[in-house]
Amino acid sequence: MSREIDQHPLVRQYLESVCGKVKAREVHEDIKLEMLGHLEERIEDKLIAGDISEEEAIADAIDQMGDPEQIGKQLHAAHKPRMEWTLLGICMLLIGIGLVAMLTVLATGEVSLGDHFLEKKLFFVALGLGAMVCLYFIDYRKIQRYSWHLYGFTLVLLAAASSAGKMLNGTKEWIEIGPLNVNVGAASPYLFMVAFAGILSMGRATGVGGAKKNLWLLLRDIIVFFLLPTFFYLSTSSLVNYSIYCFGSLLLLLFVGKKYKLAIVGFGALLVIALWIVQRSDKYQYVWWRLKGFIYPNADSSYQTVRSIEAIQNGGMWGQGFGAVNERLPFYYGEMLYSYLIYSLGWMFGFVIGVLAFLFIGRVVGMALKLKDRFAKGIIVGIVSVMGVKFLWNLLMCFGLLPILSIEFPLISWGFLTFIELAAVGLMLGAYRRKDILVKSANYLSSQKI
């Protein structure tokens, strides 16, 4: 052809008419490329088949493509944003329950809660809701190019906490920012999961590039997934968050990276090493004491478990009342909040919270199964592995079925982590919003035999 087809006025007008009906701007270029390919094939066939000018061939090809407005409307229907309303509803219900929880805790009159207790909590929730809305509308694929930057940033946060952080509850994973204490250790698994989702989805298949290249990539994976995070987590004594990190990374390596041997052998070795270190190092004796006390209960190590079960039993069907004081239940505003809510508001209230937690996990897993894009799937698998562990562990430990650890109930135990959790929900919803969006363009155009 004498010139590029995409510069022809008739072609440009046709493509603009089609894309003008499709509100999802991020797919306009893909639609144009796909349609240009079909147009070029038709024009070449016409030029080869008979005595016809290029102008006539282009005009005939456009006529055969069909009505641009009709095609545009059908493509728009295929590209409507896919909001997961059920997940959003569950999230908002949990946030609402969190507000009830903060108010009932405040109503106890406990002086140790500090100044501006509710104001600080509301600040993080408002910040989180804003981040959730922003991440829902931002194209999640743009984050992928910054995966290594996010990984390095997370390591820097852990290093800063290790060197200049504040020691709380036996871990050095807190950074003071003005009047606020930011738990970077608890936030780090979320950041790592998003970073690893991008790194793994950009990776190439193993066995490609020669033995030396594969050996280098293996060494890189060992350093990136195992050695560096292990070093920085242990330096902060953050074994709980390290365990959550290991679980999430294992799922990502298995289901997104398809690195089965690396995942099983690597994390198996880390588990043995971590248990050996915890058992012998004085820094981690508190965690080891908790784990050992769960297996071999005694009056000291089982104190919180006994108090938690006692509070649940005393709650009754409808609870002891809004703001009921329970001086025997420790950390009722933190990891024991679920037990306190049952104590004050009853078994039925606790049952509803448990059902919402399981529904949240189920809906997110269902979202992951519907996604074909590796990065989107990785984001959701990684985030749900972190939030899922926290939901289930907190529920079960309050009933005495798991050891008591510093794991708070997501979205209900308001604080800095609520900001991270809401942002994570927004990112998952944003990834689901664009599910199969490019695949549908190609599938639709091919099915129409344009």
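Residues numbered from 1 in each chain as written. Predicted model: local features only at pLDDT ≥ 70, side-chain atom pairs only at ≥ 80, totals over all residues. Heavy atoms only, no water.

**A short note on the overall build of the protein chain**
Link 1 in the chain: Within the protein chain one finds 18 helices and three strands.
Link 2 in the chain: Counting the 450 residues in the protein chain, one finds 51% classified as buried.
Link 3 in the chain: The contacts in the protein chain between residues at least 6 apart in sequence include a share of 73% that link residues at least 24 apart.
Link 4 in the chain: Of the roughly 21700 Å² of accessible surface on the protein chain, 64% is carried by carbon and sulfur atoms. (Helix = DSSP H or I, 4+ residues; strand = E, 2+ residues; numbered from the N terminus. Buried < 20%, exposed > 50% of the residue type's maximum accessible area, 1.4 Å probe, protein only. Contact = heavy atoms within 4.5 Å. Areas by Shrake-Rupley, 256 points an atom, 1.4 Å probe, with all protein chains shown as cover.)

**Some remarks on the pairing of strand β3 (residues 180-183)**
Link 1 in the chain: For strand β2 (residues 171-177) and β3, the ladder comprises four bridges, and the chain directions are antiparallel. When the sheet's bridge partners are listed, Trp174 is paired in β3 with Asn183. (Pairing = 2+ DSSP bridges.)

**Brief notes about the packing of helix α2 (residues 28-49) against helix α3 (residues 54-65)**
Helix-helix packing is characterised by the crossing angle of the two axes and by the distance between the axes.
Link 1 in the chain: Remark: α2 packs on α3, axes separated minimally by 9 Å, with the N-to-C direction vectors making an angle of 130°. Considered as vectors, α2 and α3 are oriented oblique to each other. The element α2 and its partner α3 pack so that their crossing is right-handed. In this structure, α2 contributes Met35, Leu39, Arg42, Ile43, Lys46 and Leu47 to the contact, and α3 contributes Glu54, Ala57, Ile58, Asp60, Ala61, Ile62, Gln64 and Met65. (Axes fitted to C-alpha atoms, helices over the stretch in contact; angles between N-to-C directions. Parallel < 35°, antiparallel > 145°, perpendicular 65-115°, else oblique. Left-handed = near helix turned anticlockwise from the far one by under 90°.)

**Examining a negative patch on the surface**
Link 1 in the chain: Residues Asp51, Glu56, Asp60 and Asp63 make up a contiguous surface patch of negative charge.
Link 2 in the chain: Mapped onto the elements, Asp60 comes out in helix α3. (Patch = residues over 30% accessible without salt bridge, like charges linked within 9 Å, V, L, I, M, F, W, Y side chains within 5 Å. Salt bridge = Lys/Arg side-chain N within 4 Å of Asp/Glu carboxyl O. Lys, Arg positive; Asp, Glu negative; His and termini not counted. Charge placed at Lys NZ, Arg CZ, Asp CG, Glu CD.)

**A look at the environment of Gln320**
Link 1 in the chain: Locating Gln320 in the fold gives a position in the loop between α13 (303-315) and α14 (337-345).
Link 2 in the chain: Here the alpha-carbon distance between Gln320 and Tyr343, two residues 23 residues apart in the chain, equals 6.1 Å.
Link 3 in the chain: Apart from the residues lying within four places of it in its own chain, the contact partners of Gln320 are Asn314, Gly315, Tyr343 and Ser344.

**Brief notes about a nonpolar patch on the surface**
Link 1 in the chain: On the surface, Met317, Trp318, Trp347, Met348, Phe351, Val352, Val355 and Leu359 cluster together into a nonpolar patch covering about 820 Å² of accessible area.
Link 2 in the chain: Along the chain, the position of Phe351 falls in helix α15 (residues 347-370).
Link 3 in the chain: Taking the relative accessible area as the measure of exposure, Phe351 reaches 55% and is therefore exposed.

**Brief notes about the packing of aromatic side chains**
Link 1 in the chain: Overall, the coordinates contain 24 aromatic pairs when judged by the stated rule.
Link 2 in the chain: Measuring from ring centre to ring centre gives 5.1 Å for Phe231 and Phe232, while their planes differ by 80°; the resulting arrangement is edge-to-face.
Link 3 in the chain: Three or more aromatic residues joined by ring pairs make a cluster, and in this case those are Trp148, Tyr151, Phe192, Phe196, Phe225, Tyr233, Tyr242 and Tyr245.
Link 4 in the chain: A cation over an aromatic ring shows up here: Arg433 above the ring of Tyr136, its NZ or CZ 5.1 Å from the ring centre. (Phe/Tyr/Trp six-rings, centres within 6.5 Å; stacked < 30°, edge-to-face > 60°. Lys NZ or Arg CZ within 6 Å of the ring centre and 35° of its normal.)

**Quick look at the pattern of salt bridges**
Link 1 in the chain: Under the defined criterion, the tally for this structure stands at nine salt bridges.
Link 2 in the chain: Between Arg363 and Glu84 there is a salt bridge, with the nearest N and O atoms lying 2.4 Å from each other. One end of the pair, Arg363, is in helix α15; the other, Glu84, is in the loop between α4 (68-78) and α5 (85-107), with 279 residues separating them in the sequence.
Link 3 in the chain: Residue classification places Arg363 among the partly exposed positions, given a relative accessible area of 34%.
Link 4 in the chain: According to the relative accessible area criterion, Glu84 is buried, its value standing at 5%.
Link 5 in the chain: Note that Arg141 and Asp139 form a salt bridge whose closest N and O atoms lie 2.8 Å from each other.
Link 6 in the chain: Its relative accessible area of 25% is what places Arg141 among the partly exposed residues.

**Quick look at the nonpolar core**
Link 1 in the chain: Residues Phe192, Phe196, Phe360, Phe391, Leu411 and Ile412 are the most contacted members of the largest nonpolar core, which totals 114 residues.
Link 2 in the chain: Counting residues per element, this core draws most heavily on helix α16 (residues 374-398), at 14 residues.
Link 3 in the chain: The contacts of Phe192, once residues within four sequence positions are left out, are Tyr151, Thr154, Leu155, Leu158, Tyr233 and Tyr245. (Core = buried A, V, L, I, M, F, W, Y, C linked by side-chain atoms within 4.5 Å.)

**Side note on the side chain of Ser238**
Link 1 in the chain: Residue position: Ser238 is located in the loop between α9 (211-235) and α10 (239-255).
Link 2 in the chain: Take Ser238: its relative accessible area is 1%, and that puts it in the buried class.
Link 3 in the chain: At 2.5 Å, the side chain of Ser238 forms a polar contact with the side chain of Glu173. (Polar contact = N/O pair within 3.5 Å; in protein donor to acceptor, adjacent residues only side chain to side chain.)

**A few points about the confidence of the model for the protein chain**
Link 1 in the chain: Residues at a pLDDT of 70 or more form 90% of the protein chain, whose mean pLDDT is 85.
Link 2 in the chain: Low pLDDT (under 50) marks residues 440-450, which in the prediction has 23 contacts with non-local residues, meaning those over four places away or in another chain. (pLDDT = per-residue confidence, 0-100.)

**Focus: the packing of helix α1 (residues 9-19) against α2**
Link 1 in the chain: At a minimum axis distance of 10 Å, the contact between α1 and α2 shows a crossing angle of 135°. As the angle between them shows, α1 and α2 are arranged oblique. Crossing hand, α1 versus α2: right-handed. The residues of α2 that touch α1, namely those facing Val11, Tyr14, Leu15, Glu16, Val18 and Cys19, are His28, Ile31, Lys32, Met35, Leu36 and Leu39.
Link 2 in the chain: Taken together, the residues of the contact of α1 with α2 break down into nine nonpolar, one polar and two charged. (Nonpolar A, V, L, I, M, F, W, Y, C, P; charged D, E, K, R; others polar.)

**Describing helix α7 (residues 147-164)**
Link 1 in the chain: Over its 18 residues, α7 runs 26 Å from end to end, which matches the ideal 26 Å to within 8%, given 1.5 Å per residue.
Link 2 in the chain: Those residues of α7 not exposed but buried are Ser147, Leu150, Tyr151, Thr154, Leu155, Leu157, Leu158 and Ala161. Viewed end-on, α7 has its buried residues packed into an arc of 150°, placing them on one side of the element. Exposed residues lying more than 90 degrees from the buried face of α7 are His149, Val156, Ser163 and Ala164.
Link 3 in the chain: Next to the buried residues of α7 lie β2, α8 (184-202) and α9. (Expected span 1.5 Å × (residues − 1). Arc of directions from axis to C-beta.)

**Some words on the environment of Ala77**
Link 1 in the chain: Checked against the element boundaries, Ala77 lands in helix α4.
Link 2 in the chain: Here Ala77 falls in the partly exposed class, since its relative accessible area comes to 42%.
Link 3 in the chain: Along the primary structure Ala77 and Lys21 are separated by 56 residues, whereas in three dimensions their C-alpha atoms are 9.6 Å apart.

**Points about the sheet that holds strand β1 (residues 166-168)**
Link 1 in the chain: Spatially, the three strands line up as an open sheet ordered β1-β2-β3, and their pairing is antiparallel. On the outer flanks of this sheet lie β1 and β3, each paired with one strand and no other. Put simply, the sheet's adjacent strands are angled 50° from each other on average, direction ignored.

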